[in-house]
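Reading the structure
Each chain, written out:
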Amino acid sequence: MICRLKQDSFSMEHKFFISASLIQLMILMLNLHFQASFSSASPSYNAIDKCWRRDPQWSQNRLNLADCAVGFGSAAMGGKGGEMYTVTRDDDHAENPLPGTLRYGVTRIGPLWIVFARDMDIKLEMPLFVTSHKTIDARGANVHISNGPCIRLLNVTNIIIHGLNIHDCKPSVAANVLLSASMSLQWMDTQDGDGISVVSSRDIWIDHNTLSSCADGLVDVTLASTAVTVSNNRFSYHDKVMLLGHSDDYTADKDMRVTVAFNHFGPGLLERMPRCRHGYVHVANNNYEPWGIYAIGGSAEPMIRSEGNRFVAPNEEYKKQVTWRETSPDGMSWLWKSVSDSFFNGAYFVPSGRGKALPFYQQGQTFKVANGRLAPIFTQNAGVLSCTTSGPCLMS
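Residues numbered from 1 in each chain as written. Predicted model: local features only at pLDDT ≥ 70, side-chain atom pairs only at ≥ 80, totals over all residues. Heavy atoms only, no water.

Cut-off, in case you're wondering: UniProt positions are given in the numbering used here, feature names are shortened, and annotations may be inferred rather than shown by experiment.
The protein chain carries the name Pectate lyase in an unreviewed UniProt entry, which gives Taxus chinensis as its organism. According to its UniProt record, the protein chain has this under Sequence similarities (unreviewed entry): "Belongs to the polysaccharide lyase 1 family."

Shown next, in the form of structure tokens:
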């Protein structure tokens with residue numbers, strides 16, 4: 001029914017009230033439209049995910065993932081160009097790996113794209129030493145590596161690790177282990193119990209994994225490793241999360257270049273998100289839940305650009321600072337910059353040094369970094385994705 005109202009029956013106050021109500025309705029509709037555009041049914045993909053996740057035939061086009069990395073690790077091709085290897089069994093034999101096991105695949109020579117036939121819980125006897133030109137691609141399966149030693153990348157190049165649940169990693173014993181099918185058994189001393197340890201390696205991409213509760217670090221990049229991207233991972237319930245750089249005295253890490261992007265940090269994390277020594281680190285569009293000690297820290301004069309991150313501080317007043325510098329008389333001369341970060345609950349970043357700390361990415365490495373307020377959108381599907389082979393990989 002349409003009601004006709006005489007214009008002279010309304011006062012100016014009534015007219016103002018109706019106009020204000022219409023404006024409020026329009027604002028509400030715009031907000032609902034904005035929220036819907038970023039819903040799980042129509043997600044907003046970050047620079048990496050939009051490269052492959054919308055493909056309804058992703059399982060037939062798995063190798064396209066290798067073209068999707070950004071940042072310093074974007075040259076990592078993994079096993080692209082090689083054969084497909086399917087893990088069919090979840091047992092492990094460190095000295096004599098059997099065909100069908102994960103260790104058998106990662107110790108072969110040459111490019112190999114490794115996938116999983118089914119859901120698996122793998123308990124490793126010794127750290128999993130991965131040879132060069134390998135992709136571990138767990139999309140479409142629920143794969144856990146836990147309750148034993150975990151993954152170690154030693155003197156290798158071109159590695160992609162994607163879609164693994166890595167947790168409760170333990171120190172290893174000193175024992176023989178097969179590092180490569182081209183080598184005899186090697187004696188390995190006790191390892192610390194990292195989730196993923198990158199040692200003297202380059203062109204490494206660690207993407208869409210879920211990591212928690214390991215004996216040492218969740219991801220460590222040390223001993224002159226470089227050209228590394230750590231992206232789209234979900235870190236939780238751990239003390240020392242990510243170490244970049246071996247020690248203050250190990251100056252070869254000055255050449256280290258690492259991109260840390262689109263990760264979700266929390267809950268239950270204390271420190272090192274990351275902790276940097278020497279080198280350059282670009283920390284971009286990550287989402288930080290409240291930390292226990294600090295979020296980003298370092299020593300030995302690293303260069304850090306924190307860009308477009310969202311930091312939510314703990315409630316305790318003495319924990320509000322995002323940054324931590326190991327006691328040093330010249331710590332405030334180190335080049336640490338915060339650009340377009342968003343801070344909540346009193347969080348604050350202490351910048352230092354002169355300059356912009358730009359990453360100077362080369363062609364193929366660059367990506368657009370959004371304002372930190374959008375970080376929750378670009379990290380909403382961080383961690384292992386629940387992919388099905390019947391359509392786009394949409395949900396986590």
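A look at the environment of Tyr294
Just so we agree on the cut-off: Runs of H or I in DSSP of at least four residues are treated as helices and runs of E of at least two as strands, each being numbered from the N terminus. The contact criterion used throughout is that any non-hydrogen atoms of two residues lie within 4.5 Å.
Locating Tyr294 in the fold gives a position in the loop between β25 (287-288) and β26 (296-299). On a C-alpha basis, the gap between Tyr294 and Pro274 in space is 9.6 Å, while along the polypeptide they are 20 residues apart. Beyond its immediate sequence surroundings of up to four residues, Tyr294 is in contact with Leu270, Glu271, Arg272, Met273, Arg275, Gln321, Val322 and Trp324.

Structural notes on the environment of Thr157
To be explicit about the condition: N or O atoms closer than or at 3.5 Å make up a polar contact, with two conditions inside protein: a donor-capable atom paired with an acceptor-capable one, and, for residues adjacent in sequence, both atoms drawn from side chains.
If you trace the backbone, Thr157 turns up in strand β8 (residues 157-162). C-alpha separation for the pair Thr157 and Ser201, spaced 44 residues apart in sequence, amounts to 5.7 Å. Ignoring any residue separated from it by four or fewer positions in sequence, one finds Thr157 in contact with Ser132, His133, Arg202 and Asp203. At a separation of 3.4 Å, a polar atom in the side chain of Thr157 contacts the side chain of Asp203.

Section: the pairing of β26
Applied cut-off: Exposure categories follow from relative accessible area, calculated using a 1.4 Å probe and restricted to protein chains: below 20% of the type maximum is buried, above 50% is exposed, and the middle band is partly exposed. DSSP-based pairing: two strands are paired if at least 2 bridges between them are found.
Burial of the side chains of β26 extends over both faces: Ile296 and Gly298 are buried on one face and Gly297 and Ser299 on the other. Bridging between β26 and strand β29 (residues 323-325) involves three bridges; their strand directions are parallel. Directly across from Ile296, in β29, lies its bridge partner Thr323.

As for the sheet that holds strand β2 (residues 112-116)
Basically, it comes down to this: For helices, the axis comes from a line fit to the C-alpha atoms of the stretch in contact; other axes are also lines fit to C-alpha atoms, and the angle between any two N-to-C directions lies between 0 and 180 degrees.
Read across the sheet, 10 strands follow the order β1-β2-β5-β8-β13-β16-β20-β24-β27-β30 without closing on themselves; strand pairing throughout is parallel. Two strands lie at the open edges of the sheet, namely β1 (83-87) and β30 (336-339), each paired on one side alone. Neighbour to neighbour, the strand axes of the sheet diverge by 10° on average, direction disregarded. Relative to strand β16 (residues 226-231), strand β13 (residues 202-207) runs parallel, the two being bridged by five bridges. Looking across to β16, one finds that Arg202 is bridged to Thr226.

Section: the sheet that holds strand β12 (residues 196-199)
Here we have eight strands laid out as an open sheet, ordered β4-β7-β12-β15-β19-β23-β26-β29, and parallel in their pairing. Strands at the two margins of the open sheet, each flanked by one partner only, are β4 (128-129) and β29. Relative to β12, strand β7 (residues 151-154) is paired through four bridges, and the arrangement is parallel. Pairing of Leu154 across the sheet is with Val199, part of β12.

As for unusual backbone geometry
In this structure, Pro267 follows Gly266 across a cis peptide bond, with omega equal to 5°. Relative to the helices and strands, Pro267 is located in the loop between β21 (264-265) and β22 (269-271). For the bond from Met273 to Pro274, the omega torsion is 5°, close enough to zero to count as cis. Its location among the elements puts Pro274 in the loop between β22 and β23 (275-277). Phi is positive for Asn158, which is not a glycine, with a value near 60°. Given a relative accessible area of 13%, Asn158 falls into the buried group. Its identity as a non-glycine residue notwithstanding, Ala224 has a phi of 70°, on the positive side. Along the polypeptide, Ala224 turns up in the loop between β15 (219-222) and β16.

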